[in-house]
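In case you want the letters, here they are:
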Amino acid sequence: MHKAWWQGKVAYQIYPRSFKDSNGDGIGDLRGTIEKLPYIASLGVEILYLNPIFASPGADNGYDISDYRKINPQVGTLADLDELIARAKERGISIILDMVLSYTSCEHELFKRALLGRKAPERDFYYFVRGSNGRPPDNLRSFFGGSVWERVPGEEDLYYLHYFTKEQPELNWYNERLRERMSDLINWWLDRGIAGFRLDAIMNVVKDRTFPGLPPDELGDGSCAAARMNAKLAAQAPSLYQELKKHSYGPRGAFTVAEAFGLNDNLLDQFIGDEGCFSTVFDFTARETIEKNRPGYYAYPKGTLKIYRDGNFHMQQLTSPLGLVAPILENHDEPRAVSFYLEEGQQNAQGARALGTVFMFLRGIPFIYQGQELGLTNTHFDSIEEIDDVQSKNEYRNATAHGFTKEQALAILNVHSRDHARTPLPWDDSPHAGFTTGRPWLKLHQDALSLNVAAQEQDPGSVLNYYRALVALRKRGAWQECFCSGDFIPGSTADDHVMHYLRKGAGKCAEIVGNFSTKERVFELSGEGRILLCSIPEARVEGRRLTLGATGAAVVEILPGRSS
Ligand code: TEU
Ligand code: CA
């Protein structure tokens, strides 16, 4: 594989609204992010991914973009972003932006002009389709529930297509002039010093433009999830992205990570690797296992270590011959991993260290999500009024419509809501945990005053300092190449409470072992080893045996010439 500038790096994702507020309006912003750059650099990360910061009316927290070349004034200005890029660069950190190219806000100029009538040149940039007898063109269901079709005001039986909120009309990627505009946009940002992009919802661009509808799915109301159309037509996606790559990020050597839900395994070879459409794709296998064929939060099970392990093992093996994947434990759409994947007695700092260990040495480009490095757990929401997320609110309605009481529906959100990831990052024990001097836009984590950055800085045994050690080990000398692109060999999966794998490459070999059971365990290693890092003191290697306490993980170097 050709070695690109971003290989071997660890990335960090921030949700700018919730990272650090600089001006007391309760909303995190770019100046707050600049202020906290020393903290970000102290983690050892070298790629910084920001969720959308573009102009947006805010129907879905910035994912509904009205102007892709302007910064949301709540978040800052272009000058702030330029400064962030420059200051980050001084610290060896490259900035990547969240590019949302499969839909715009309904407030975007293009959509407003498209609404002007059939003859408007922008009309074909979106999907305007006639229904019949007061019914929409087909039975597809939006990712957030309800029909994907919204009536065009003032026009009889005319609808436009949206896969998320009705404020997010889908763009027609089959229009060549639109695709040219997207390349121009990407090049414009690259010229400003942006190092790459997270490309949103990449599988959603494919459409059967006859909109025939699909057989009703398990929700039982006659509708079918729009994602099913993606799955059916997925093979059309690579050529669309190859063209985008060719005209924009490809020749510029930019880093791209795709949010590829519903990615068919057999398309991966076209998505990653030197010739692939993207540098890498997030691994959402665990999440997809949980969601598979289930109509909503109310029917999803909680995650388990086994689901996390099996999903990652599957993707690690599948991608190894092809390129690099981007492993995650969390992001802005996920609950906190410690609460979600671990069992009750482990949803604490010890569990966070163990889980962080088995995550950090997976093959590829790992992304840490803000607060993960503090071992944050889910936030307790006392009422639906404390929730902001549009998807969570829809899921609450969905659950109550399916016979759950309000208390039960809230309990479901307390497990699954996307707002667990979005509560403001706790910085210290001052009011509002130092996130803002004003009123935070979303409630703070219940343990914000103790689990915060300042408290963990003081404590050598904190999750924060342990994450720094994890990142440092990942980048140490030849280990960097070994962990990024070396071989991945799964260990035994016989025990659902164990995640054990081997990494080998660049003349190095390590075994990563996580014991998530409630008892001390002995593991047979592939050779004589020594511990490089462990999450609990109760870990020792004698010859080829590793003894590891409960809820603990270790990274063991297998000494050269002593493996079998
Ligand atoms: O997500 C798109 C997307 O595919 C997710 O909604 C996914 O279906 C879900 O997370 C699975 O649990 C992007 C953003 O990441 C998300 O925050 C936005 O809400 C969404 O686009 C729509 O704007
Ligand atoms: Ca602010």
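Residues numbered from 1 in each chain as written. Chains lettered and ligands numbered in written order. Predicted model: local features only at pLDDT ≥ 70, side-chain atom pairs only at ≥ 80, totals over all residues. Heavy atoms only, no water.

Draft legend 1. The overall build of the protein, seen in detail. Each helix and strand in the protein was counted, giving 18 helices and 23 strands. For the protein, whose C-alpha radius of gyration is 23 Å, the value lies close to the compact-globule estimate of 24 Å for 564 residues. In terms of overall dimensions, the protein has C-alpha extents of about 75 × 50 × 50 Å along its principal axes. Counting every position in the protein, which comprises 564 residues, the buried fraction comes to 61%. Counted over contacts in the protein with a minimum sequence separation of 6, partners at least 24 positions apart contribute 70%. When the accessible surface of the protein is totalled, it reaches about 21200 Å², and 49% of it is carbon and sulfur. Charge-centre separation for the protein: the mean point of 63 positive side chains lies 3 Å from the mean point of 73 negative side chains. (Helix = DSSP H or I, 4+ residues; strand = E, 2+ residues; numbered from the N terminus. Rg over C-alpha atoms; globule rule 2.2 N^0.38 Å. Buried < 20%, exposed > 50% of the residue type's maximum accessible area, 1.4 Å probe, protein only. Contact = heavy atoms within 4.5 Å. Areas by Shrake-Rupley, 256 points an atom, 1.4 Å probe, with all protein chains shown as cover. Lys, Arg positive; Asp, Glu negative; His and termini not counted. Charge placed at Lys NZ, Arg CZ, Asp CG, Glu CD.)

Draft legend 2. Spotlight on the site of ligand 1. The environment of ligand 1 is made up of 17 residues, and the closest members are Asp60, Tyr103, Asp200, Glu291 and Asp333. At a separation of 3.3 Å, an oxygen atom of ligand 1 approaches a polar side-chain atom of Asp200. Between Arg418 and ligand 1, the recorded distance is 3.0 Å, taken from a side-chain N or O atom to an oxygen atom. Out of a free accessible area of 500 Å², ligand 1 has 96% covered by protein chains. Partitioned by chemical class, the residues of the shell around ligand 1 number six nonpolar, two polar and nine charged. (Near = heavy atom within 4 Å. Polar contact = N/O pair within 3.5 Å; in protein donor to acceptor, adjacent residues only side chain to side chain. Nonpolar A, V, L, I, M, F, W, Y, C, P; charged D, E, K, R; others polar.)

Draft legend 3. Up close: the packing of aromatic side chains. Counting across every chain of the model gives 35 aromatic pairs. Both rings, one in Tyr49 and one in Phe367, keep their centres 6.3 Å apart while their planes meet at 70°; by these two values the pair is edge-to-face. Residue Tyr49 is located in strand β2 (residues 47-50), and its partner Phe367 is located in strand β15 (residues 367-369); the two are separated by 318 residues in the primary sequence. Given the relative accessible area of 1%, Tyr49 is considered buried. Using a relative accessible area of 1% as the deciding quantity, one classes Phe367 as buried. Feature note: the residues Trp5, Trp6, Tyr49, Phe255, Phe261, Phe282, Phe284 and Phe367 constitute an aromatic cluster, connected by ring pairs. We note Arg123 situated over the ring of Phe128; from NZ or CZ to the ring centre the distance is 4.2 Å. (Phe/Tyr/Trp six-rings, centres within 6.5 Å; stacked < 30°, edge-to-face > 60°. Lys NZ or Arg CZ within 6 Å of the ring centre and 35° of its normal.)

Draft legend 4. A look at the pattern of salt bridges. Under the defined criterion, the tally for this structure stands at 39 salt bridges. Between Arg468 and Glu457 there is a salt bridge, with the nearest N and O atoms lying 3.0 Å from each other. One end of the pair, Arg468, is in helix α17 (residues 463-474); the other, Glu457, is in helix α16 (residues 453-458), and eleven residues separate them in sequence. Judged by relative accessible area, Arg468 falls into the buried class, the value being 15%. If you follow the salt bridges from partner to partner, you end up with Asp60, Asp333, Asp389, Arg418 and Arg422 in one network. (Salt bridge = Lys/Arg side-chain N within 4 Å of Asp/Glu carboxyl O.)

Draft legend 5. Representation of empty space enclosed by the protein within the structure. Enumeration according to the criterion identifies five cavities of 30 Å³ or more in this entry. Considered as a void within the structure, the largest cavity measures approximately 100 Å³ in volume. Surrounding the largest cavity, 13 residues form its lining, Asp283, Ala286, Arg287, Ile328 and Tyr341 being those nearest its centre. Of all the secondary-structure elements, those providing two or more residues to the lining of the largest cavity are α10 (285-291) and α11 (305-319). For the lining of the largest cavity, the per-class residue count stands at six nonpolar, three polar and four charged. What the second largest cavity holds in volume is close to 70 Å³. Asp138, Leu140, Asp208, Phe211, Pro212, Gly213, Leu214, Met229, Lys232 and Leu233 are the residues that line the second largest cavity. Here the lining of the second largest cavity is built from residues that sort into six nonpolar, one polar and three charged. (1 Å grid on protein atoms, 1.4 Å probe; cavity = no way out; pocket = protein on both sides within 12 Å on 5 of 7 lines; lining within 4 Å. Points joined across faces, edges and corners; volume = space filled by probe spheres on them.)

Draft legend 6. Spotlight on the coordination of the calcium ion (ligand 2). Around the calcium ion (ligand 2), the protein contributes the donor atoms Asp21 (OD), Asn23 (OD1), Asp25 (OD), Ile27 (O) and Asp29 (OD), at 2.3 to 2.4 Å from the metal centre. Summarised as a motif, the one-chain spacing of the donors to the calcium ion (ligand 2) is D-x1-N-x1-D-x1-I-x1-D. (Donors = N, O, S within 2.8 Å, 3.2 Å for Na, K, Ca; no water.)

Draft legend 7. Here's a closer look at the sheet that holds strand β21 (residues 539-542). On the basis of which strands lie adjacent, the open sheet formed by three strands has the order β19-β22-β21 and antiparallel pairing. Bordering the open sheet on either side are β19 (521-524) and β21, each of which pairs with just one other strand. Within the sheet, the average angular offset between the axes of one strand and its neighbour, ignoring direction, is 20°. The pairing of β19 with strand β22 (residues 545-548) spans four bridges and is classified as antiparallel. Counted as the bridge partner of Arg521 is Leu548 from β22. (Pairing = 2+ DSSP bridges. Axes fitted to C-alpha atoms, helices over the stretch in contact; angles between N-to-C directions.)

Draft legend 8. Local environment of the sheet that holds strand β8 (residues 149-151). Spatially, β6-β9-β8 is the arrangement adopted by the three strands of the open sheet, whose pairing is antiparallel. In this open sheet, the two edge strands, each paired with only one partner strand, are β6 (128-130) and β8. Averaged over all neighbouring strand pairs, the angle between strand axes comes to 40°, with direction disregarded. In this structure, β6 lies alongside strand β9 (residues 158-161), joined through three bridges in antiparallel fashion. Note on β9: the bridge partner recorded for Arg130 is Leu158.

Draft legend 9. Spotlight on α17. Along its twelve residues, α17 runs 16 Å from first to last C-alpha, staying within 8% of the 16 Å computed at 1.5 Å per residue. Of all the twelve residues making up α17, nine are buried; the element is thus mostly covered by neighbouring parts of the structure. Within the sequence span of α17, burial applies to Val463, Leu464, Tyr466, Tyr467, Arg468, Leu470, Val471, Leu473 and Arg474. (Expected span 1.5 Å × (residues − 1).)

Draft legend 10. Quick peek at the packing of helix α13 (residues 349-360) against α17. Contact geometry for α13 and α17: axes closest at 10 Å, N-to-C directions at 15°. When the interaxial angle is binned, α13 and α17 end up roughly parallel. Crossing of α13 over α17 shows right-handed handedness. Each of Ala349, Ala352, Arg353, Gly356, Thr357 and Met360 in α13 lies in contact with α17, whose residues at this interface are Val463, Tyr466, Tyr467, Leu470, Val471 and Arg474. Grouping the amino acids of the contact of α13 with α17 by side-chain chemistry returns eight nonpolar, two polar and two charged. (Parallel < 35°, antiparallel > 145°, perpendicular 65-115°, else oblique. Left-handed = near helix turned anticlockwise from the far one by under 90°.)

The values reported here are purely geometric and, on their own, carry no functional implication.
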